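# Working through the structure, step by step
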Amino acid sequence: MKKYICISLLTLCAFSATAQDFDSKPTVTIDNKEQDLHFTVGARFMADAAYYHTDFTPLQSGASITDARIRTSLTYQNWYFYADFGFGGGKFAQKNIFLQYNQKTAKGGNHDIKVGYYNDPAGSMARNTSLGSYHFISRAGASNALGEGRELGASYKYSDDHFMAYQGVFTENQYNKEEAGFNGIVLAGRYQWRPINDGVQTLMVGGNIRYQHVGGGVVEKNVIKKTLSLGQSLETYVDEDQQFVSCSLPWAQNVLDAGAEALYHNDKFFVRGEYMYKHVTKKRDSKTLFDASNNNIDTWGTLDAWMAANPLRSNNFHGGYVEAGFMVFGNPYSFDNREGVLRGLSGRSLELVARWNYTGLNDIVKGEYYSAGRNQYYPSGKMEDWPYASTSVGGGCVRSWTVGANYSFNRYVQVMLDYTYHRLSKDFLPNDKNIHAVQARVQFIF
């Protein structure tokens, strides 16, 4: 009996599969029309191969299963529950898991209330686009370094053909497992205006803003030390080494993110881009740290002298990208009004794409001397045995140019090919300037 039940369910799944555009929705549906209940299940698999050529510091060429997921959802009347779980890299990882309530308006708009673990709305347009729907093997580096990913929280969104307002409150650690302090608080919003959006072409302009109070850290000399880390790989998932573009910001207190986005598409062409800005303020208990420093013979004498020798200042970082694509043949490009993003390929199609990206994680005080051997900046302009601490941040700047081609065999299977040239500027890696990467991907999504 169980055998026939399983066969019946598999048959129902096969006949109820819906169209797939490589977005975040599973496509095999089991319906219970009497209860108005709809259960879906899907999967995603991505395998990448990459070859890198560098000036000095090596990257590890090779192949990898970069993403593998099981995805499920349940719809009941106006309620929607979604969860997906990843197995890429040989490790289990929780991905999106949320509950959403939708109320449609008489004029075609949508009110959405969402609770759970999902992408921060102000995390950038790129980060709010599913990787399975992306038109490049990797999202732009700036969005990975300066944008935010998934967070635990609640949000409200209104969207229609011409406007979207999406805002919420979140926390920085979904499990509240900070060593000290608490898991912080985030207020975020993303907004769009679409003066043209007629189903054939879309013109969109928008912006986002995000405030984070950093809550968690570690205890150091009886003081909670909060640290914010920023970084990106070189737009690849085979070797995700972030040493080329990354920085660590101790004593981080508050973070302000602001950004702008724009997009245009018609049937055959799209262009889109973003600008991202991050401002990080810092705070510490200087008196307690000063008192702790007096427990040895090398003391600064006074609190003012210690603070002058250990200055603290805010940091500013910038980044952005521009992407374009041309559909050689296939179904036309389309825009998702509720998510505010360009959809992926659907059906048999071929497209050519290009991108320019800039990520700037350098915030260096003019006139300071840098020692690569000590990985340290010196405010006096020369190396000293007892230097005052520097406030410079040398996380690196990278400019990246990518060209690629994507071919979709059908609604489920797609192959991608990218070439990227990176021009790097980082004081700690003076011998690394030119980095080349050729990458390919096979992905299966249903």
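Residues numbered from 1 in each chain as written. Predicted model: local features only at pLDDT ≥ 70, side-chain atom pairs only at ≥ 80, totals over all residues. Heavy atoms only, no water.

## Description of the overall build of the protein
For the protein, the count of helices and strands is four helices and 26 strands. Relative to the globule expectation of 22 Å for 446 residues, the C-alpha radius of gyration of the protein, 24 Å, shows essentially globular dimensions. On the principal axes, the C-alpha backbone points of the protein span a range of 80 × 50 × 45 Å. In the protein, which comprises 446 residues, the share counted as buried stands at 47%. A total of about 20,900 Å² of accessible surface is found on the protein, and carbon and sulfur atoms cover 59% of it. With 44 positive and 43 negative side-chain charges, the protein shows a separation of 3 Å between the mean positions of the two kinds. (Helix = DSSP H or I, 4+ residues; strand = E, 2+ residues; numbered from the N terminus. Rg over C-alpha atoms; globule rule 2.2 N^0.38 Å. Buried < 20%, exposed > 50% of the residue type's maximum accessible area, 1.4 Å probe, protein only. Areas by Shrake-Rupley, 256 points an atom, 1.4 Å probe, with all protein chains shown as cover. Lys, Arg positive; Asp, Glu negative; His and termini not counted. Charge placed at Lys NZ, Arg CZ, Asp CG, Glu CD.)

## What to know about the nonpolar core
By size, the foremost hydrophobic cluster in this structure holds 47 residues, and its most contacted members are Leu 230, Phe 244, Leu 249, Phe 317 and Leu 361. Ignoring anything within four residues of it in the chain, the contact list for Leu 249 reads Lys 226, Thr 227, Leu 228, Leu 230, Val 280, Lys 282, Asn 315, Phe 317 and Val 393. Of all hydrophobic cores here, the second largest spans ten residues; its members include Tyr 118, Ala 122, Tyr 166 and Phe 170. (Core = buried A, V, L, I, M, F, W, Y, C linked by side-chain atoms within 4.5 Å. Contact = heavy atoms within 4.5 Å.)

## Concerning the sheet that holds strand β12 (residues 216–220)
Ordered by their spatial adjacency, three strands build an open sheet running β9-β12-β13, and the pairing between neighbours is antiparallel. Strands at the two margins of the open sheet, each flanked by one partner only, are β9 (180–181) and β13 (223–225). Of the strand pairs in this sheet, β9 and β12 are connected by two bridges, and their pairing is antiparallel. The partner of Ala 180 across the bridge, within β12, is Gly 217. (Pairing = 2+ DSSP bridges.)

## Comments concerning the pattern of salt bridges
For the structure shown, the criterion picks out 19 salt bridges. Residue Arg 44 is joined to Asp 67 by a salt bridge in which the shortest nitrogen-to-oxygen separation is 2.7 Å. Taken together, the residues span a long stretch of sequence, with Arg 44 in strand β2 (residues 37–54) and Asp 67 in strand β3 (residues 62–76) at a distance of 23 residues. Assessed through its relative accessible area of 5%, Arg 44 is described here as buried. Between Lys 225 and Glu 220 there is a salt bridge, with its nearest N and O atoms 3.6 Å apart. Assessed through its relative accessible area of 19%, Lys 225 is described here as buried. A residue is classified by how much of its surface remains accessible, and Glu 220, at 32% relative accessible area, is partly exposed. One salt-bridge network, held together by shared partners, links Asp 120, Glu 148, Glu 151, Arg 210, Asp 257 and Lys 278. (Salt bridge = Lys/Arg side-chain N within 4 Å of Asp/Glu carboxyl O.)

## Let's talk about the environment of Tyr 377
Along the chain, the position of Tyr 377 falls in strand β23 (residues 376–378). Owing to a relative accessible area of 8%, Tyr 377 belongs among the buried residues under this scheme. Separated by 13 residues in the primary sequence, Tyr 377 and Ile 364 place their C-alpha atoms 8.8 Å from one another. If we ignore the near neighbours within four places in the chain, the residues touching Tyr 377 are Ile 364, Glu 368, Tyr 369, Tyr 370, Ser 390, Ser 392, Gly 394 and Asp 427. Within the structure, the side chain of Tyr 377 is placed 2.6 Å from the side chain of Asp 427, a separation counted as a polar contact. (Polar contact = N/O pair within 3.5 Å; in protein donor to acceptor, adjacent residues only side chain to side chain.)

## Notes on helix α3 (residues 286–293)
Of the positions making up α3, those classed as buried are Ser 286, Leu 289, Phe 290 and Ser 293. Viewed along the axis of α3, the buried residues span an arc of 100°, placing them on a single side of the element. The inward-facing, buried residues of α3 contact β12, β13 and α4 (303–309). (Arc of directions from axis to C-beta.)

## Structural notes on the environment of Gly 330
Positionally, Gly 330 belongs in the loop between β18 (315–329) and β19 (335–336). Sequence spacing of Gly 330 and Ala 140 is 190 residues, and the spatial spacing of their C-alpha atoms is 25 Å. Among residues more than four places away in sequence, those in contact with Gly 330 are Arg 348 and Ser 349.

## Focus: the pairing of β2
Relative to β2, strand β1 (residues 28–32) runs antiparallel, the two being bridged by five bridges. Opposite Asn 32, over in β2, you have Leu 37 as the bridge partner. The loop that links β1 with its antiparallel partner β2 comprises four residues; one of these, Asp 36, has a positive phi angle of about 55°. Summarising the sheet, β2 and β3 pair through 14 bridges and their orientation is antiparallel. Residue Gly 42 lies in a different strand from β3, and its bridge partner there is Arg 71. With eleven bridges joining them, β2 and strand β26 (residues 434–445) adopt antiparallel strand pairing. Directly across from Met 46, in β26, lies its bridge partner Gln 443.

## Observations concerning unusual backbone geometry
Non-glycine residue Lys 221 carries a positive phi angle of around 55°. Secondary-structure assignment places Lys 221 in the loop between β12 and β13. Judged by relative accessible area, which is 51%, Lys 221 ranks as exposed. Here the phi dihedral of Trp 251 falls at roughly 70°; this positive angle occurs in a residue that is not glycine. Within the element layout of this structure, Trp 251 appears in the loop between β15 (245–250) and β16 (252–265). Since its relative accessible area comes to 10%, Trp 251 is described here as buried.

## Focus: the packing of aromatic side chains
Scanning all chains against the criterion turns up 17 aromatic pairs. A centroid spacing of 6.2 Å and a plane angle of 50° characterise the contact between Tyr 80 and Phe 98, whose relative ring orientation is tilted. Pair noted here: Tyr 80 is in strand β4 (residues 79–86) and Phe 98 is in strand β5 (residues 93–104), with a separation of 18 residues, a long-range link. Where Trp 401 meets Tyr 421, the ring centres are 5.7 Å apart and the plane angle is 25°; that geometry is what we call stacked. With Trp 401 in strand β24 (residues 393–408) and Tyr 421 in strand β25 (residues 413–425), this residue pair connects regions lying 20 residues apart in the sequence. A connected cluster of aromatic rings, assembled from ring pairs, spans Tyr 80, Tyr 82, Phe 98, Tyr 118 and Phe 170. Residue placement shows Lys 114 over the ring face of Phe 98; its charged tip is 4.2 Å from the ring centre. Its end group placed over the ring of Tyr 175, Lys 177 keeps NZ or CZ at 5.5 Å from the ring centre. (Phe/Tyr/Trp six-rings, centres within 6.5 Å; stacked < 30°, edge-to-face > 60°. Lys NZ or Arg CZ within 6 Å of the ring centre and 35° of its normal.)

Coordinates in, geometry out; function isn't part of it.
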